[in-house]
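Residue-level listing of the chains:
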Amino acid sequence: MPKVSDDRLAARRREILDGARHCFAEYGYDGATVKRIEESTGLSRGAIFHHFRDKEALFLALAQEDAERMADVAAEEGLVQVMRDMLARPQDFDWLGTRLEIARKLRTDSSFRDAWSAHSGDVEQALIRRLERGRATGRLRDDVPVNILVKYLDLMLDGLITRLASGQPTDDLHAVLDLVEESVRTQRAD
């Protein structure tokens, strides 16, 4: 049997992740049956589960990948920019529904919660580093602890994700994000 190259294995894994992301976002975790994942990826059950132990491992891999992507943007441009990008291009964020499923599974599934907690600090650490840099340069308010600002911005992100994923109107949300950004900046004396 010929050996499959690492590049081909990585490409196949990417196909699976991309198709599964769409499936989880459209149907939720419970509705994303193995049959639907097969249809969404165009691959057989055997091909999918050659790369992932089971459906939960596949979902966790997606969740981790999305957290890493968000951490990269948050580290470079800030979490408010992540939110602005979501608002400007919701079609690029088909993982929004997956984020809601993560929240549900964290609440209801202790084994998933344990696995997720081992990897979920990426976004928070990227945000903390960015906020600390902002504070050091005098752009970020210094009367609120950084960990409180992180929680505040994370709550804003969760609210935006819920609104976008549930199809609620997004009118005036740019102004809301302006307010959020202004609320963490140093207040300048007039």
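The rules behind the values
- Numbering of residues starts from 1 in every chain and runs along the sequence as written.
- With the structure being a predicted model, the display of local features is reserved for residues of pLDDT at least 70 and the display and counting of side-chain atom pairs for 80 or more, all residues being used for whole-chain, interface and lining totals.
- The basis for the side-chain values is all heavy atoms of the structure; hydrogens and waters are excluded.
- A helix here means a DSSP run of H or I that spans at least four residues, while a strand means a run of E at least two residues long, and both kinds are numbered starting from the N terminus.
- Buried, partly exposed and exposed residues are distinguished by accessible area as a fraction of the type maximum, computed with a 1.4 Å probe on protein chains only: under 20%, between the cut-offs, and over 50%, respectively.
- Whether two residues are in contact is decided by their heavy atoms: any pair within 4.5 Å suffices.
- Only the stretch in contact is used when fitting a helix axis, every axis being a line fitted to C-alpha atoms; angles between N-to-C directions are given from 0 to 180 degrees.
- Note on angle classes: values under 35 degrees are labelled roughly parallel, values over 145 roughly antiparallel, values of 65 to 115 roughly perpendicular, and the remainder oblique.
- With the far helix as reference, a near helix turned anticlockwise by less than a right angle produces a left-handed crossing, and one turned clockwise produces a right-handed crossing.
- The classification used treats Ala, Val, Leu, Ile, Met, Phe, Trp, Tyr, Cys and Pro as nonpolar, Asp, Glu, Lys and Arg as charged, and all other residues, Gly among them, as polar.
- Nonpolar core, defined: a set of buried Ala, Val, Leu, Ile, Met, Phe, Trp, Tyr and Cys residues in which side-chain atoms within 4.5 Å join the residues together.
- A helix is expected to reach a length of 1.5 Å times the quantity of its residues less one.
- For Phe, Tyr and Trp, where Trp contributes only its six-membered ring, two rings pair if their centres lie within 6.5 Å, and the inter-plane angle classes them as stacked under 30 degrees, edge-to-face over 60, or tilted in between.

Chemist: Can you walk me through the overall build of the protein chain in this structure?
Modeler: Summing up its helical and strand segments, the protein chain has 10 helices and 0 strands in all. Reading the protein chain from its N terminus to its C terminus gives the helix and strand order α-α-α-α-α-α-α-α-α-α. Along the first, second and third principal axes, the C-alpha atoms of the protein chain reach 70 × 35 × 30 Å. Looking at the protein chain as a whole, 40% of its 190 residues are labelled buried. Taking the contacts inside the protein chain whose residues are at least 6 apart along the sequence as the reference set, 68% of them involve residues at least 24 apart.

Chemist: I tried to follow helix α5 (residues 79-88) on my own but got confused; where do I start?
Modeler: In an α-helix, one full turn covers 3.6 residues, which means residues spaced three or four apart are oriented alike. In terms of residue burial, α5 counts as a mostly covered element, since 8 of its 10 residues are buried. Of all the residues in α5, the buried ones are L79, V80, V82, M83, R84, D85, M86 and L87.

Chemist: I would appreciate a short explanation of the packing of helix α6 (residues 96-108) against helix α9 (residues 146-165) in the present structure.
Modeler: When two helices pack together, you describe them by how their axes are tilted relative to each other and by the distance separating the axes. For the pair α6 and α9, the least separation of the axes is 9 Å and the interaxial angle reads 120 degrees. Taken as axis vectors, α6 and α9 run oblique relative to one another. In this structure, the crossing between α6 and α9 has a hand that is left-handed. Within the contact between the two elements, α6 uses L96, G97, R99 and L100 and α9 uses D154, L157, D158, I161, T162, L164 and A165. Its residues placed into classes, the contact of α6 with α9 shows 6 nonpolar, 2 polar and 3 charged.

Chemist: Whenever I open this one, the nonpolar core confuses me. Can you help?
Modeler: Across soluble globular proteins, nonpolar side chains have a tendency to be buried as a group. If you look at the biggest cluster of nonpolar residues, it comprises 53 residues, and the most contacted ones within it are F24, I37, L58, L79, M86, L131 and L153. With 11 residues, helix α4 (residues 55-77) is the largest single contributor of residues to this core. In this structure, L153 is in contact with L79, V80, M83, L127, L131, V180 and V184, ignoring residues within four places of it in sequence.

Chemist: I would appreciate a short explanation of α9 in the present structure.
Modeler: Along its 20 residues, α9 runs 28 Å from first to last C-alpha, staying within 8% of the 28 Å computed at 1.5 Å per residue. One or two positions beyond α9, positive phi appears at G167, with a value near 75 degrees.

Chemist: How should the packing of aromatic side chains be read in this particular structure?
Modeler: In this description, an aromatic ring pair is defined by two values, namely the gap between the centres and the angle between the planes. Under the criterion given, the structure shown has 5 aromatic pairs. An angle of 75 degrees between the planes, with centres 5.1 Å apart, marks the rings of Y29 and F59 as edge-to-face. Of this pair, Y29 sits in helix α1 (residues 6-31) while F59 sits in helix α4; the two residues are 30 residues apart in sequence, bridging distant segments of the chain. A residue is classified by how much of its surface remains accessible, and Y29, at 11% relative accessible area, is buried. Measuring from ring centre to ring centre gives 5.7 Å for F59 and F112, while their planes differ by 45 degrees; the resulting arrangement is tilted. Here F59 is found in helix α4, whereas its partner F112 is found in helix α7 (residues 110-117), with 53 residues between them in sequence. We note that F59, like F112, is buried. Here a set of aromatic residues connected by ring pairs shows up, and it is made of F24, Y29, F59, F112 and W116.

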